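# Analysis of the macromolecular model
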Amino acid sequence: MSQTTERTFAIIKPDAVAAGCTGRILARIEQEGFRIRAMRQTHLSKREAEGFYAVHRERPFFDSLTDFMSSGPCVVLALEAPDAIRKWRDLMGATDPARAAEGTLRKEFGSSIERNATHGSDAPETAAFELAYFFRGMEL
Ligand code: GDP
């Protein structure tokens, strides 16, 4: 791994998987120059979704968000690229698809501020926690 290479954690959320958009999102990931280091389809329990989003526990949308995230299968990914955290957040676009720029994943595949197709870590510490939540060291 070169010095500038970084890893981030991404999810193709249940809305995008249910809509059959997994393949198109994976294609964009590769086209944009990310290396997929690990990938798995999983169906989060409500408790697992609550643990993942524990930092949002006090937010008014926490219950609705964790219901949504445990509503069906999602695809979890470890992505590698130079400046991967920022690069993946740029590719996803703004949290609210209505505000996301043209060409971003949330603009193309998201349908509401909650059902916004993808997740991405927002900082190195978050990426470390989130990668470890889903992947064992051996898998990466
Ligand atoms: P992100 O870093 O862009 O994913 O945004 P946040 O960390 O602020 O929020 C985490 C996730 O919670 C978002 O990706 C959305 O799925 C959901 N979310 C954020 N804001 C809202 C909101 O105002 N209402 C609802 N229902 N969901 C939200």
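Remember, it's a predicted structure, so these values are computed and weren't measured experimentally. Every chain's residues receive numbers from 1 upward, in the order its sequence appears when written. Two thresholds apply to this predicted model, a pLDDT of at least 70 for residue-level local features and 80 or more for giving and counting side-chain atom pairs, whereas whole-chain, interface and lining totals are computed over all residues. Hydrogens and water are ignored here; the side-chain numbers use all heavy atoms of the structure.

Each helix is a run of H or I in the DSSP string that is no shorter than four residues. Each strand is a run of E no shorter than two, and both are numbered from the N terminus. When helices and strands are tallied, the protein shows seven helices and four strands. Listed by position from the N terminus, the elements making up the protein come as β-α-α-β-α-α-β-α-α-β-α. Since a compact globule built from 140 residues should have a radius of gyration of about 14 Å, the 14 Å found for the protein is in line with a globular shape. Taking the principal axes of its C-alpha atoms as reference, the protein extends roughly 40 × 35 × 25 Å. In this scheme, a residue with accessible area under 20% of its type's maximum is buried, one over 50% is exposed, and one in between is partly exposed, where area comes from a 1.4 Å probe on protein chains only. By the burial criterion, 45% of the 140 residues in the protein qualify as buried. Within the protein, contacts between residues separated by at least 24 positions form 76% of all contacts whose residues are at least 6 apart in sequence. Only the protein chains shown count as cover for residues, and the accessible areas themselves come from Shrake-Rupley with a 1.4 Å probe. For the protein, the exposed area adds up to about 7400 Å²; of that, 49% sits on carbon and sulfur atoms. Here the positive residues are Lys and Arg and the negative ones are Asp and Glu; neither His nor the chain ends is included. Just so you know, the charge point we use is NZ for Lys, CZ for Arg, CG for Asp and CD for Glu. Across the protein, the 19 positively charged side chains and the 20 negatively charged ones have centroids separated by 2 Å. For a compact globule the rule gives 2.2 Å times the number of residues to the power 0.38, and the radius of gyration it is set against comes from C-alpha atoms. By definition in these notes, contact holds between two residues if any of their heavy atoms fall within 4.5 Å.

With that settled, consider the sheet that holds strand β1 (residues 5-12). Across the sheet, four strands lie side by side as β2-β3-β1-β4; this open sheet has antiparallel pairing. If you trace the sheet from one side to the other, it starts and ends with β2 (35-42) and β4 (118-120), each paired once. Across the sheet, the axes of successive neighbouring strands diverge by a mean angle of 20 degrees, strand direction being ignored. In this description, a line fitted to the C-alpha atoms serves as the axis of each element, helices being fitted only across the stretch in contact, and the angle between N-to-C directions of two axes falls anywhere from 0 to 180 degrees. Sheet contacts for helix α5 (residues 84-92): β1, β3 (74-82) and β4; angle to β1, the most-contacted strand, approximately 35 degrees. In this scheme, strands are said to pair when DSSP sees at least two bridges between them.

Attention now goes to the site of the ligand. Any residue with at least one heavy atom within 4 Å of a molecule or strand is counted as near it. In the vicinity of the ligand, the contacting residues are K13, H56, R59, F61, L65, R89, T95, R106, I113, E114 and N116. R89 places a polar side-chain atom, nitrogen or oxygen, 3.1 Å from an oxygen atom of the ligand. Between T95 and the ligand, the recorded distance is 2.6 Å, taken from a side-chain N or O atom to an oxygen atom. Burial of the ligand by the surrounding chains reaches 80%, relative to a free accessible area of 550 Å². Two kinds of site are reported from a 1 Å grid over the protein atoms alone, namely cavities, where a 1.4 Å probe fits but cannot get out, and pockets, open sets with protein on both sides within 12 Å along at least five of seven lines, and residues are called lining when an atom falls within 4 Å of a point. A molecule is counted as occupying a cavity or pocket when more than half of its atoms fall within 2 Å of that pocket's grid points. Of the pockets mapped on this structure, the ligand occupies the largest pocket. Each residue is assigned to one of three groups, with Ala, Val, Leu, Ile, Met, Phe, Trp, Tyr, Cys and Pro labelled nonpolar, Asp, Glu, Lys and Arg labelled charged, and all others, Gly among them, labelled polar. Class assignment of the residues belonging to the shell around the ligand gives a composition of three nonpolar, three polar and five charged. Residues adjacent in sequence count toward polar contacts only when both atoms are side-chain atoms; beyond that, a polar contact is any pair of N or O atoms within 3.5 Å, and within protein one must be able to donate a hydrogen and the other to accept it.

Moving on, we get to the nonpolar core. Within soluble globular proteins, side chains that are nonpolar tend to cluster in buried spots. Residues I12, I25, I29, F34, L77, L79 and W88 are the most contacted members of the largest nonpolar core, which totals 20 residues. For this core, the secondary structure elements donating two or more residues are β1, α1 (14-18), α2 (22-31), β3, α5 and α6 (105-109). In this structure I12 touches V17, T22, I25, L26, C74, V75, L77 and A117, once residues within four positions along its chain are discounted. Core analysis: the second largest hydrophobic core is formed by 17 residues, A38, F68, M69 and V76 among them. As used in this record, nonpolar core signifies buried Ala, Val, Leu, Ile, Met, Phe, Trp, Tyr and Cys residues forming a set joined through side-chain atoms within 4.5 Å.

This paragraph deals with unusual backbone geometry. Even without glycine at this site, D83 takes up a positive phi of about 60 degrees. For D83, the location among the structural elements is in the loop between β3 and α5. Even without being a glycine, A117 presents a positive backbone phi close to 75 degrees. Turning to its location among the elements, A117 is positioned in the loop between α6 and β4.

Attention now goes to the layout of surface pockets. Grid points are joined across faces, edges and corners, and a volume is the space filled by probe spheres set on the points. In this structure, the largest pocket spans a volume of roughly 590 Å³. In this structure, the largest pocket is lined by 24 residues; those nearest its centre are Y53, H56, F61, L65 and H119. Those elements that provide at least two residues to the lining of the largest pocket are α3 (46-52), β4 and α7 (124-134).

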